[in-house]
Amino acid sequence: MDSIKTQVVVVGAGPGGYAAAFYAADLGKKVILIEREKRLGGVCLNRGCIPSKALLYATHQIAGAKESEHRGITFAPPTVDLAKLRAWKESILEKLGGGVATLAKMRGVQVIQGRGYFESSQTLRVETEQGQQFIQFEQAILAVGSLAAMPKVFDLGNPRIMTSTEALEVPDIPENLLVVGGGYIGMELGTVYAALGSKVTVAEALDNVLTGADSDLARHVVANAKKMFQEIRVKAKVVKMSTAGKQIKVEMEFNGQKLSELYDRVLVAVGRAPNSADLGLENTKVELDEKGFVKVNERQQTNDPDIYAIGDIAGGVLLAHKAHKEARIAVEVINGENSVFEHIIIPAVVFTDPELAWCGLTEAEAKERGVKYEVAKFPWVASGRALSFDRTDGLTKMLIDPESDRVLGVGIVGAGAGELISEAVLALEMGATAEDIALSVHPHPTLSETLMECADAFYGHATHTIAKKKTVAMTPGNTKE
């Protein structure tokens, strides 16, 4: 088959890949986008961010209905039609996937469905249903993402042992569910199944769940999860699983004891692995690290000068919005611009109930790096808006440079924290001081006021809480509440 020539080929049509393809096309490049699956959007749209948030929203309605009784509004116990729930979720994915395909067509991006394989640093072979297609390219952008990790010791070939991919299909509502891993994926999907009626046990091998977030923020999530879940176990090591009829037998070491328990289903949520195998990268100069992620520099360039890598495959934090930013940088470098991934604020959001979000330095990171800081906090029990809808289980927190008053990091836990964190991202990107935020008028009554009042608390004059005034002598970790 004859080869096609293009300026840019993008392998993988997830949030990084299609963003790169669209931006390159907007800048006048001839672009071909390769995707193995029929529906564009990658893991995020099809088996990650979007379906999980849809299910979280749907199941939050169950919790909301239960909580309304004390307000004098009582609902009948909910009934769950899983077929309808799955169909509704799927309709969202179809709309979004179709939208991406339409945008590709409108931009003149050629989409080829198939599996990409590098024959060389300038040639990509694509295995399609119609046969092989060869593409001669000037530059390639790798955006093939990652997949849910399944340790071999747990991989029994039993459908009752799920990764997030299978769990998002909600095959049934198990009476007893074990979640192996207390990271954001495990906690989010645990929340979904608990709301649907499962008795959820979380087993986390480390000392805490939601590692990476500051403990004073994460504790609000844990407190609510303990009400919803059967149990949260930390320092719990799952040693072995085996099939026991229609259940899974799990052997675990916890609290100095060896436990043997039966579960109807097990969700393994212990991280993600890069999709770097069977790409033909050995036929290029692209190098992988010890975990299989593609090595890149600050310009998203691999060791092969004509091949770039973005998103999960390039390692770092595995977040869709990070992939989107890296897509922009890679395309701009290809376009001859001097773009680099340096000093960029990437927020993190955990969509549990309550939500947990942060950006910039966490307190743990500041301590580890020896960065001097002060902490200001505003508890949501002092927020009129939070009180008005019974969600005072929140906290807004700022890390502030004691000499310049510049904001170093922000953490928020509470209802809608994922929406609120963007103001903090902008503040950090702009080099804002706590005073800049304190002097910016925020609408009342809103949760956004908690950012303003948190900044005000740093100076000792927050309206709705008592805080110590800023002192001359600044010491790392001095907390103002």
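Parameters at a glance
- Residues numbered from 1 in each chain as written.
- Predicted model: local features only at pLDDT ≥ 70, side-chain atom pairs only at ≥ 80, totals over all residues.
- Heavy atoms only, no water.
- Helix = DSSP H or I, 4+ residues; strand = E, 2+ residues; numbered from the N terminus.
- Rg over C-alpha atoms; globule rule 2.2 N^0.38 Å.
- Buried < 20%, exposed > 50% of the residue type's maximum accessible area, 1.4 Å probe, protein only.
- Contact = heavy atoms within 4.5 Å.
- Areas by Shrake-Rupley, 256 points an atom, 1.4 Å probe, with all protein chains shown as cover.
- Lys, Arg positive; Asp, Glu negative; His and termini not counted.
- Charge placed at Lys NZ, Arg CZ, Asp CG, Glu CD.
- Axes fitted to C-alpha atoms, helices over the stretch in contact; angles between N-to-C directions.
- Parallel < 35°, antiparallel > 145°, perpendicular 65-115°, else oblique.
- Left-handed = near helix turned anticlockwise from the far one by under 90°.
- Disulfide = S-S within 2.5 Å.
- Expected span 1.5 Å × (residues − 1).
- Phe/Tyr/Trp six-rings, centres within 6.5 Å; stacked < 30°, edge-to-face > 60°.
- Lys NZ or Arg CZ within 6 Å of the ring centre and 35° of its normal.
- Core = buried A, V, L, I, M, F, W, Y, C linked by side-chain atoms within 4.5 Å.
- Nonpolar A, V, L, I, M, F, W, Y, C, P; charged D, E, K, R; others polar.
- Salt bridge = Lys/Arg side-chain N within 4 Å of Asp/Glu carboxyl O.

**Focus on the overall build of the protein**
Within the protein, the regular secondary structure consists of 13 helices and 23 strands. Here the protein has a C-alpha radius of gyration of 24 Å; the compact-globule value for 481 residues is 23 Å, and the two agree. Overall, the protein is about 75 × 60 × 45 Å in size when its C-alpha atoms are taken along their principal axes. Looking at the protein as a whole, 52% of its 481 residues are labelled buried. When contacts within the protein are restricted to residue pairs at least 6 apart in sequence, long-range pairs at least 24 apart make up 63% of them. As displayed, the protein offers around 22400 Å² of accessible surface, 51% of which is attributable to carbon and sulfur atoms. Across the protein, the centroid of the 52 positively charged side chains sits 4 Å from that of the 61 negatively charged ones.

**Description of the packing of helix α1 (residues 17-26) against helix α4 (residues 82-107)**
Each pair of packed helices can be summarised by the angle the axes make with each other and by the distance between the axes. Closest axis-to-axis distance for the α1/α4 pair is 10 Å, and the angle between their directions is 20 degrees. Relative to α4, the element α1 lies roughly parallel. Of the two elements, α1 crosses α4, and the hand of that crossing is left-handed. Residues Y18, F22, A25 and D26 of α1 form the contact with α4, whose participating residues are V100, L103, A104 and R107.

**Topic: the state of the cysteines**
What the rule picks out here adds up to 1 disulfide. A sulfur-sulfur distance of 2.2 Å marks the disulfide that ties C44 to C49. Looking along the S-S bond of the C44-C49 disulfide, the torsion reads about -130 degrees, which is the left-handed sense. For C49, a relative accessible area of 28% translates into the label partly exposed.

**Observations regarding α4**
End to end, α4 covers 38 Å across 26 residues, agreeing with the expected 38 Å (1.5 Å per residue, within 8%). Within α4 the residues assigned to the buried category are L82, L85, K89, L93, G97, V100 and A104. In this fold, the buried residues of α4 make contact with α1, α2 (42-47), α3 (49-67) and β3 (110-113). Looking at the residues trailing α4, positive phi occurs at G108, about 80 degrees.

**Digging into helix α11 (residues 417-429)**
Over its 13 residues, α11 extends 19 Å from the first C-alpha to the last, a length consistent with the 18 Å expected when each residue adds 1.5 Å. Of all the residues in α11, the buried ones are A417, G418, L420, I421, A424, V425, A427 and L428. Buried positions along α11 lie against β18 (348-350), β19 (355-360), β22 (407-414), α12 (434-439) and α13 (449-458). Of the residues trailing α11, G431 is marked for its positive phi of about 70 degrees.

**Structural notes on the environment of Y23**
Along the chain, Y23 turns up in helix α1. Accessibility expressed as a relative area gives 14% for Y23, which makes it buried. The sequence separation of Y23 and T396 amounts to 373 residues, and the corresponding C-alpha distance is 35 Å. If near-sequence neighbours (up to four positions away) are discounted, Y23 is found in contact with R328, V331 and E332.

**So, the packing of aromatic side chains**
Pairs of aromatic rings are described using the distance from one ring centre to the other and the angle between the two planes. A full pass over the atoms with the stated rule returns 3 aromatic pairs. Each ring, one from F118 and one from F137, has its centre 6.0 Å from the other, and the planes form 85 degrees; the classification is edge-to-face. Here F118 is found in strand β4 (residues 115-118), whereas its partner F137 is found in strand β6 (residues 131-142), with 19 residues between them in sequence. We note that F118, like F137, is buried. Between F458 and Y459 the ring centres are 5.0 Å apart and the planes differ by 75 degrees, which places this aromatic pair in the edge-to-face class. Judged by its relative accessible area of 0%, F458 falls in the buried class. Overall, Y459 belongs to the buried group, its relative accessible area being 17%. One Lys or Arg, R328, reaches over the ring of Y23 and ends 4.2 Å from the middle of that ring.

**So, the nonpolar core**
Residues M187, Y193, V200, F229, I232, L267 and L356 are the most contacted members of the largest nonpolar core, which totals 37 residues. When residues of this core are traced back to their parent elements, those giving at least two are α3, α4, β9 (176-180), α6 (184-196), β10 (199-204), α7 (215-228), β18 and β19. Among the elements that line this core, the one with the most residues is α6, at 6 residues. Once you skip the residues sitting within four places of it in the chain, I232 turns out to touch M187, V202, V209, V222, A225 and K226. Judged by nonpolar contacts, the second largest core, of 31 residues, contains V410, L447, C454 and Y459.

**Quick word on the packing of α1 against helix α8 (residues 320-334)**
Contact geometry for α1 and α8: axes closest at 8 Å, N-to-C directions at 35 degrees. Regarding α1 and α8, the two cross each other, and that crossing is right-handed. Along the contact surface, α1 presents A19, A20, Y23 and A24, while α8 presents H324, A327, R328, V331 and E332. A per-class count over the contact of α1 with α8 returns 6 nonpolar, 1 polar and 2 charged.

**Observations regarding unusual backbone geometry**
D353 connects to P354 through a cis peptide bond whose omega is 5 degrees. Its identity is not glycine, yet V170 carries a phi of approximately 45 degrees, on the positive side. Mapped onto the secondary structure, V170 falls in the loop between α5 (164-167) and β9. Since its relative accessible area comes to 1%, V170 is described here as buried. The phi angle at H343 is positive, at roughly 55 degrees, despite the residue not being glycine. Mapped onto the secondary structure, H343 falls in the loop between α8 and β18.

**Describing the pattern of salt bridges**
Close approach of charged atoms allows side chains of opposite charge to pair. What the rule picks out here adds up to 21 salt bridges. Connected via shared salt-bridge partners are D214, D216, E363, K377 and K397.

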